[in-house]
Amino acid sequence: MDDCTAHGPTALSLDQAVARIDRGFGPVTGTEEVPLRAALGRVLAEDVIAPLNVPPADVSAMDGWGYAAGTGAEVAGGFRHLSVVGRVPAGSSFDGVVGAGQAVRIFTGAPVPAGADTVAMQEDCQGEGDGVLVPAALKRGANIRPAGEDMTAGSVVLRPGQRLRAQEVGLAAAVGRASLSVRKRLRVVLFSTGDELREPGTPKPNHAIYDANRYTLAAQLDALGVEVRDLGILPDRPDATRAALADAAGTADLLITSGGVSVGEEDHVKAAVDALGSIDLWTLAIKPGKPLALGRVGNTPFLGLPGNPVSAMVTFLLVGRPLVLRLSGAMSTATPRSLVVAGFSFDKKAGRREFLRARLERGADGRPLAVKFPSNSSGVLTSMVEADGLVDMPAETTAIRPGDLVDFLPFTGLFA
């Protein structure tokens, strides 16, 4: 077995790790009131109760004519003749009562007048002098949205812990809310370690590399709506690492590092966390994803990610994302996934769960087809650019063949 990716018998499964996060961590942030335009991506901290029915009254679902079904004189061609007695645009009302054999011109969203119980859409009707011909066979209630069809007064329409998407923001507006109580943004301190790292845009000797991990991780954190404080690159010195962690712990809700959590002589993060707090999780039976550390510095949660760029991104998506969501108060930390068809062959040994980088194409049958990136290296960041997501290969599975259905984790769902 490749020593770089070997996992001992004490390695936790990914499901065990996420369950440990759900058990061991809870929301750490307070709340604040924000206007709706600032609520996107935030975690709701209150029940939102509809104070009114939506729609507030029976309204027309179409442009057409409103009338009482079954009234009016039947004429040739399967129509009924009705006298038009009014006009009801959206935003106005008809104060009278629509009598038998009468109709009102009505538009989408306008309240249905008293006496009317059906709307015939204009495409099915014919004007005739001061009257209208409507389909005789139209059933009572057609093309009417009843009061409270969407929401009823007194019902809870949004609950605490929901991450607010565009549709939740719009729903809050629909019940008249101008602002919402949300969890305060999680404060995350981020830094990289390694004397080989240089800041992008600065001179670099041949033996050094530019630090990509802080930028990919910061972007992933930004997408989750947290506040990021970037400490930059720390030198490979035990005193500097320990001091930075101790100082940051007092002002952060979560500490995240990249690199320095292995067992090499120049990897000082794990030892510093052990001295200042505890390491609760060390080895995961996944690839890519070694090494990874989860623990606390004092009382502040700590996540130590691998130094290889693909491993850092993937372990953040699989472990860091659920941790951030849990600490932020989100009620769901589930990883989005869907079934797609494999367009490749791949073999592995049992016992380790692997996440393969793949892009999606349209198969011959029209279904999404996953095409694996050629390299499995944790250092090939271009694979994450060319991929649309990750194929989840369970620990007990030893082979994937073309045509197999596989779990696919789309980046579009993971990066938000």
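Note: the structure precedes this text.
Remember, predicted model here, so these are calculated numbers, not experimental data.

Colleague: Honestly, empty space enclosed by the protein in this entry has me stumped. Any pointers?
Modeller: Regions of empty space are outlined by a rolling probe, equal in size to a water molecule, passed over the atoms. Inspection of every chain in the model, using the stated rule, returns 2 cavities of 30 Å³ or more. Lining the largest cavity are 13 residues, with Gly41, Val43, Leu224, Gly225 and Ser328 positioned closest to its centre. Among the residues making up the lining of the largest cavity, the classes are represented as 5 nonpolar, 3 polar and 5 charged. A volume near 50 Å³ is recorded for the second largest cavity. For the second largest cavity, the full set of lining residues is Lys287, Pro288, Phe346, Glu354, Phe355, Leu356, Arg357 and Asn376. No other element matches strand 25 (residues 353-362), which puts 4 residues into the lining of the second largest cavity. Class assignment of the residues belonging to the lining of the second largest cavity gives a composition of 4 nonpolar, 1 polar and 3 charged.

Colleague: When you look at unusual backbone geometry in this model, what are you seeing that I'm missing?
Modeller: Glycine aside, residues mostly have negative phi angles, and peptide bonds mostly take the trans form. Following valine 54, the chain continues into proline 55 via a peptide bond in cis, with omega recorded as -5 degrees. Of note, proline 55 is situated in the loop between strand 2 (48-49) and strand 3 (59-60). That bond from lysine 287 to proline 288 is cis: its omega, -10 degrees, falls within 30 degrees of zero. As for its position among the elements, proline 288 is in the loop between strand 20 (286-287) and strand 21 (293-297). Of note, the phi angle at asparagine 143 is positive, near 60 degrees, even though the residue is not glycine. Inspection of the secondary structure assignment puts asparagine 143 in the loop between strand 10 (131-135) and strand 11 (144-145).

Colleague: Explain the packing of helix 3 (residues 213-223) against helix 6 (residues 309-328) to me, please; I cannot follow it from the model alone.
Modeller: In helix packing, the relevant descriptors are the interaxial angle and the interaxial distance, both defined with respect to the helix axes. Running from amino to carboxyl end, helix 3 crosses helix 6 at an angle of 30 degrees, the nearest separation of the two axes being 10 Å. With respect to their mutual orientation, helix 3 and helix 6 come out roughly parallel. Pair helix 3 / helix 6 crosses with right-handed handedness. Residues Asn213, Thr216, Leu217, Gln220 and Leu221 of helix 3 form the contact with helix 6, whose participating residues are Pro309, Ala312, Met313, Phe316, Leu317 and Val324. Counted by class, the contact of helix 3 with helix 6 contains 8 nonpolar, 3 polar and no charged residues.

Colleague: Would you mind going over the layout of surface pockets with me for this structure?
Modeller: Reported here for the second largest pocket is a volume of approximately 320 Å³. Lining the second largest pocket are 15 residues; nearest its centre among them are Gln162, Arg163, Leu164, Arg165 and Glu168. When its residues are assigned to classes, the lining of the second largest pocket shows 6 nonpolar, 5 polar and 4 charged.

Colleague: What am I meant to see in helix 3 here?
Modeller: A turn of α-helix holds 3.6 residues, and therefore any two residues three or four places apart point the same way. Among all positions in helix 3, only Asn213, Arg214, Thr216, Leu217, Ala218, Gln220 and Leu221 are buried. Of the residues trailing helix 3, glycine 225 is marked for its positive phi of about 80 degrees.

Colleague: Quick question: what am I supposed to make of the side chain of threonine 118 here?
Modeller: Looking at the element boundaries, threonine 118 is found in strand 8 (residues 118-121). The buried category is assigned to threonine 118, whose relative accessible area is 0%. A polar side-chain atom of threonine 118 sits 2.9 Å from a polar atom in the side chain of aspartate 117. In terms of polar contacts, threonine 118 uses its side chain to reach the backbone amide nitrogen of glycine 141, at 3.2 Å. Sequence-distant contacts of threonine 118, that is, excluding residues within four places in its chain, are made with Trp65, Gly66, Tyr67, Ala69, Leu138, Lys139, Arg140, Gly141, Ala142 and Ile144.

Calculation rules
Every chain is numbered independently, its residues counted from 1 as its sequence is written. This being a predicted model, a pLDDT of at least 70 is required before a residue's local features are given, and a value of 80 or more before pairs of side-chain atoms are given or counted; all residues contribute to the totals for chains, interfaces and linings. Note that the side-chain values use all heavy atoms of the structure and ignore hydrogens as well as water. Here a cavity is any set of points on a 1 Å grid over the protein atoms alone where a 1.4 Å probe fits but cannot get out, and a pocket is any open set with protein on both sides within 12 Å along at least 5 of 7 lines; a residue lines the site when it has an atom within 4 Å of a point. Grid points are joined across faces, edges and corners, and a volume is the space filled by probe spheres set on the points. We call Asp, Glu, Lys and Arg charged. Ala, Val, Leu, Ile, Met, Phe, Trp, Tyr, Cys and Pro are nonpolar, and the rest, Gly among them, are polar. Each helix corresponds to a stretch of at least 4 residues labelled H or I by DSSP, and each strand to a stretch of at least 2 residues labelled E; elements are numbered beginning at the N terminus. Note on geometry: axes are lines fitted to C-alpha atoms, helical ones only across the stretch in contact, with angles between N-to-C directions running from 0 to 180 degrees. To sort the angles, those under 35 degrees are grouped as roughly parallel, those over 145 as roughly antiparallel, those from 65 to 115 as roughly perpendicular, and the leftovers as oblique. Handedness of a crossing follows from how the near helix is turned relative to the far one, being left-handed for an anticlockwise turn of less than a right angle and right-handed for a clockwise one. Two residues qualify as a contact provided that any one of their heavy atoms is within 4.5 Å of a heavy atom in the partner residue. Only protein chains enter the accessibility calculation, which uses a 1.4 Å probe; a residue is then buried when its area is under 20% of its type maximum, exposed when over 50%, and partly exposed in between. As used in this structure description, the phrase polar contact means that two N or O atoms lie within 3.5 Å; if the pair is within protein, one of them must be able to donate a hydrogen and the other to accept it, and residues adjacent in sequence are counted only when both atoms belong to side chains.

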